[in-house]
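# Close look at the chain arrangement
Okay, here's what each chain looks like letter by letter:
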Amino acid sequence: MKHYIIVKFTQGTDYRALAEPIRGIFAQTLSIPGIRGVDVRLSNSERSNRYDMMIVMDMDRDALPAYDVSEPHLRWKAEYGGLVAAKTIFDCDED
């Protein structure tokens, strides 16, 4: 399945500067069995009604509970949760 995390950061947050540290955190999720890939993408639009970042994870459906309690996920929430103005989570099958 694909697990999408779509994030709008608080106004004034330099989310482009945060991209590499966030990529580093999510790269650590690849050690969780069933997680096959992670891609962190930045918006190419500066419009105020657009979200800033999309994190796409390719994983087995049964890897989601392990991800939820993993150190990288908890670290993402602890270090960046306060900078998030809005977030959408979307899961879907790959086909």
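Here the structure is a predicted model, which means the values were calculated and not measured.

### Here's the deal with the nonpolar core
Grouped together as the largest cluster of nonpolar side chains are 22 residues, with contacts concentrated most on I22, F26, I55, Y67 and W76. Elements supplying a minimum of two residues to this core: β1 (2-9), α1 (15-27), β2 (35-42), β3 (53-59), α2 (64-68) and α3 (71-80). If one sorts the elements of this core by residue count, α1 sits on top with six residues. If we ignore the near neighbours within four places in the chain, the residues touching F26 are I5, V38, I55, M57, Y67 and W76.

### Here we look at the pattern of salt bridges
As enumerated under the stated definition, the model contains eight salt bridges in all. A salt bridge links R16 to E46; its shortest N-O distance comes to 3.0 Å. Here R16, found in helix α1, pairs with E46, found in the loop between β2 and β3; they are 30 residues apart in sequence, far enough to count as distant. Among the residues examined, R16 registers a relative accessible area of 40% and is labelled partly exposed.

Cut-offs applied
Residues numbered from 1 in each chain as written. Predicted model: local features only at pLDDT ≥ 70, side-chain atom pairs only at ≥ 80, totals over all residues. Heavy atoms only, no water. Core = buried A, V, L, I, M, F, W, Y, C linked by side-chain atoms within 4.5 Å. Buried < 20%, exposed > 50% of the residue type's maximum accessible area, 1.4 Å probe, protein only. Helix = DSSP H or I, 4+ residues; strand = E, 2+ residues; numbered from the N terminus. Contact = heavy atoms within 4.5 Å. Salt bridge = Lys/Arg side-chain N within 4 Å of Asp/Glu carboxyl O.

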